[in-house]
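So the chains spell out like this:
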Amino acid sequence: MAGTSLLERLVSIYYDDPIRFPGLRAVTLAQWMLESGRGTSGLATAHYNLAGMKWRSEMAPYATKVLYLAHDGPDYYCKFATLENFIAGYWAFLNRSPYSGWEEHTDDPEDFIGFIGKTYSGSDAYAAKVLALLPEAEALLRAAAAAPADDAPAPAAADAALDLGTLVIDPGHGGTQPLPGSSPNNAISVSGVKEKKLTLDFAFSLKSALERQAHGAGETLRVVLTRSSDVNVAGRDRAQRAFTTGARAFLSLHFNGNANPTPSGVETYLRAQENGNINYAEDLAFAQAVQAGLLSGLRSVAPGTKDRGVKPDTQTQHSGGLAVLSDINLGNTTSGRRCVAALAEIEFITNPAVDARLVSGPDALENRTAVMESLATALRRYLHP
Ligand SMILES: [Zn+2]
């Protein structure tokens, strides 16, 4: 596959998102497909705004304001830090006064789009255009719900020299419930975006970059995410995906936070020898590759990015070791298989300059993609047999 498209990423999040009116899921997706050219518009790819929503002050909890040159001239639009924020923001957008009464029109998709469509677009023909895309939207949602578990064996590569195997990417945190080895959220960005939303978005971006790069290079690479929606997963269960998928490497993505806005920089953790790492040297080489890939990507968008280095997990708040880096949880044995594992703290989202660069500023998505492309290159190089 040539990488996961923005529309596919949106569908994978939206199909089981607990929205208030599930009966309107397909029609709203159809509307976003129309507005964004199936996820290909500039507003969609640069700002995660797939609904052409102009900036309104009521959108401040969900979005930031960005100047965008649309086909009808420059105007201020909503910029969303993640696709999850976009979904929440769209529903909030309808709660503004121009749409008052919309909740009386939620029993069927046609009634709903008929009611909001005219105000939304200024055109009487809008509802019919959205409804024409409804079957396609329904099919996409059905396909996402029926997607097979990716724990099945990876397809064999035609050429063993180009088979990079399986990589597990673990978007840190998620959901609302604390679980052993995984809190629902830690850091919150200066602009109010939760770490758990960013880890998922960066993971999707990394998966997409890896698949696109591998496809271009003729390599086989299977990328598995430990979660693809806003749910928490226990630390042990995240690591165990490495075992059940036969992965060669496991990478957990996180963001740092601090009460002081000054700290910044990237650091990568590995299982400490004191915490019983049975493949320390291999983990160290992997962590160094991750750190180097992130650092070069971050420095391509911010040359002064601080290298905080590769560190043992004795230096985290969990001095006894991080559950996701445990050899037992990863299914590693001294004589048998050994999956390497690392946990990256990509940057301090509590630093205002970092927030502008990677979370809320006009170039945030472009910068984010550049950082994940660089990490993807480093990971592929590491995985080359
Ligand atoms: Zn974290």
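What counts and what doesn't
- Throughout, residues of each chain are indexed from 1 in the direction in which the sequence is written.
- Per-residue local features are limited, in this predicted model, to residues with pLDDT of at least 70; the limit for side-chain atom pairs, both in listing and counting, is 80 or more; totals at the level of whole chains, interfaces and linings are taken over all residues.
- To get the side-chain values, all heavy atoms of the structure are used, and hydrogens and water are removed first.
- Numbering of helices and strands runs from the N terminus, with a helix taken as a DSSP run of H or I at least four residues long and a strand as a DSSP run of E at least two residues long.
- Throughout, the radius of gyration refers to the C-alpha atoms, and the reference size of a globule is 2.2 Å times the residue count to the power 0.38.
- Here the term buried applies to any residue with accessible area under 20% of the maximum for its type, exposed to any over 50%, and partly exposed to those in between, with areas from a 1.4 Å probe on protein chains only.
- In this description, contact between two residues means that some pair of their heavy atoms is separated by no more than 4.5 Å.
- Under the convention used here, a 1.4 Å probe and the Shrake-Rupley method define accessible areas, while residue burial counts only the protein chains that appear.
- Note on donors: an N, O or S atom is included if it sits within 2.8 Å of the metal, or within 3.2 Å for Na, K and Ca, and water is never included, so sites can look incomplete.
- Whether two strands pair comes down to DSSP finding at least two bridges between them.
- For helices, the axis comes from a line fit to the C-alpha atoms of the stretch in contact; other axes are also lines fit to C-alpha atoms, and the angle between any two N-to-C directions lies between 0 and 180 degrees.
- An automatic or database domain assignment is the source of the domain bounds shown.
- Summed over both partners, the accessible area lost on bringing two parts together, with a 1.4 Å probe, is the buried area.
- What makes a salt bridge here is a side-chain nitrogen of Lys or Arg within 4 Å of a carboxyl oxygen of Asp or Glu, nothing more.
- Nitrogen and oxygen atoms within 3.5 Å of one another constitute a polar contact, given that in protein one can donate a hydrogen and the other can accept it, and given that sequence-neighbouring residues count only through two side-chain atoms.
- Residues are sorted three ways: Asp, Glu, Lys and Arg are charged, Ala, Val, Leu, Ile, Met, Phe, Trp, Tyr, Cys and Pro are nonpolar, and all the rest, Gly among them, are polar.
- When describing relative orientation, an angle under 35 degrees is termed roughly parallel and one over 145 degrees roughly antiparallel, while 65 to 115 degrees is termed roughly perpendicular and anything else oblique.
- Helix crossings fall into two classes, left-handed where the near helix is turned counterclockwise from the far one by less than a right angle and right-handed where it is turned clockwise.
- By this rule the span expected of a helix is its residue count minus one, scaled by 1.5 Å.

1. Re the overall build of the protein
- Looking only at helices and strands, the protein features 13 helices and eight strands.
- Taking 385 residues into account, the globule formula puts the C-alpha radius of gyration at 21 Å, and the protein, at 21 Å, falls close to it.
- On the principal axes, the C-alpha backbone points of the protein span a range of 70 × 45 × 40 Å.
- Here the protein holds 385 residues, and 54% of them are scored as buried.
- Taking the intrachain contacts of the protein between residues at least 6 apart in sequence as the baseline, contacts between residues at least 24 apart amount to 73%.
- Carbon and sulfur atoms form 53% of the exposed surface of the protein, whose accessible area is close to 16,100 Å².

2. Considering the coordination of the zinc ion
- Looking at the zinc ion, the protein donor atoms are His173 (NE2), Glu195 (OE) and His254 (ND1), and they sit 2.1 to 2.2 Å from it.
- As a motif over one chain, the donors of the zinc ion read H-x21-E-x58-H. One end of the pair, His173, is in the loop between β3 (163-171) and α8 (195-217); the other, Glu195, is in helix α8, with 22 residues separating them in the sequence.
- Accessibility expressed as a relative area gives 5% for His173, which makes it buried.

3. Concerning the sheet that holds strand β4 (residues 220-225)
- Taken together, the six strands give an open sheet; going across it, the order is β4-β3-β5-β8-β6-β7, and neighbouring strands pair in mixed fashion. Looking at which strands have only one partner, the edges of the open sheet turn out to be β4 and β7 (307-312). Sheet twist, expressed as the average angle between the axes of neighbouring strands with direction ignored, equals 20 degrees.
- Pairing analysis gives five bridges linking β3 to strand β5 (residues 249-256), with the strands arranged parallel. If you follow Pro171 over to β5, its bridge partner there is Leu253.

4. A closer look at the domain arrangement of the protein
- As assigned here, the protein comprises domain 1 (6-145) and domain 2 (160-383).
- With 16 residues of domain 1 at the contact, the number on the domain 2 side is 17 residues.
- Summed over both sides, the interface of domain 1 with domain 2 buries roughly 1,300 Å², with 57% coming from carbon and sulfur.
- For domain 1, the biggest contributors to the area lost against domain 2 are Arg9, Ala81 and Glu84; these three give 39% of the whole.
- Inspection of the region where domain 1 meets domain 2 yields two salt bridges.
- Across the pair Glu84 and Lys197 runs a salt bridge, and its minimum N-O distance is 3.2 Å.
- Taken together, the links from domain 1 to domain 2 amount to six residue pairs in polar contact (both at pLDDT 80 or more).
- When contributions to the side of domain 1 that touches domain 2 are tallied by element, the ones reaching two or more residues are α1 (6-14), α3 (42-47), β1 (64-70) and α4 (83-94).
- Each residue belonging to the side of domain 1 that touches domain 2 can be placed in one class, and the counts come to six nonpolar, six polar and four charged.

5. What to know about the packing of helix α10 (residues 280-301) against helix α13 (residues 364-383)
- Contact geometry of α10 with α13 gives a least axis separation of 8 Å together with a crossing angle of 150 degrees. As summarised for this structure, α10 and α13 are arranged roughly antiparallel, according to the angle between their axes. Along this stretch, α10 crosses α13, giving a crossing that reads as right-handed. Counted together, Glu282, Ala285, Phe286, Ala289, Val290, Gly293, Leu294, Ser296, Gly297, Leu298, Ser300 and Val301 of α10 and Asn367, Ala370, Val371, Met372, Ser374, Leu375, Ala378, Leu379 and Tyr382 of α13 form the full contact between these two elements.
- When the residues that make up the contact of α10 with α13 are grouped by side-chain class, the tally is 14 nonpolar, six polar and one charged.

6. What to know about α10
- Here α10 is 22 residues long and its end C-alpha atoms lie 32 Å apart, about the 32 Å a rise of 1.5 Å per residue gives.
- Within α10, burial applies to Asp283, Phe286, Ala287, Ala289, Val290, Gln291, Gly293, Leu294, Leu295, Gly297 and Leu298.
- On its buried face, α10 is in contact with β5, β6 (266-270), β7, β8 (340-348), α12 (352-360) and α13.

7. Focus: the side chain of Arg96
- By secondary structure assignment, the location of Arg96 is in the loop between α4 and α5 (109-121).
- Under the relative-accessibility criterion, Arg96 is labelled buried at 9%.
- A polar contact is formed between the side chain of Arg96 and the backbone oxygen of Phe93, at a distance of 3.2 Å.
- Residues within four places of Arg96 in sequence aside, it is in contact with Arg56 and Glu58.

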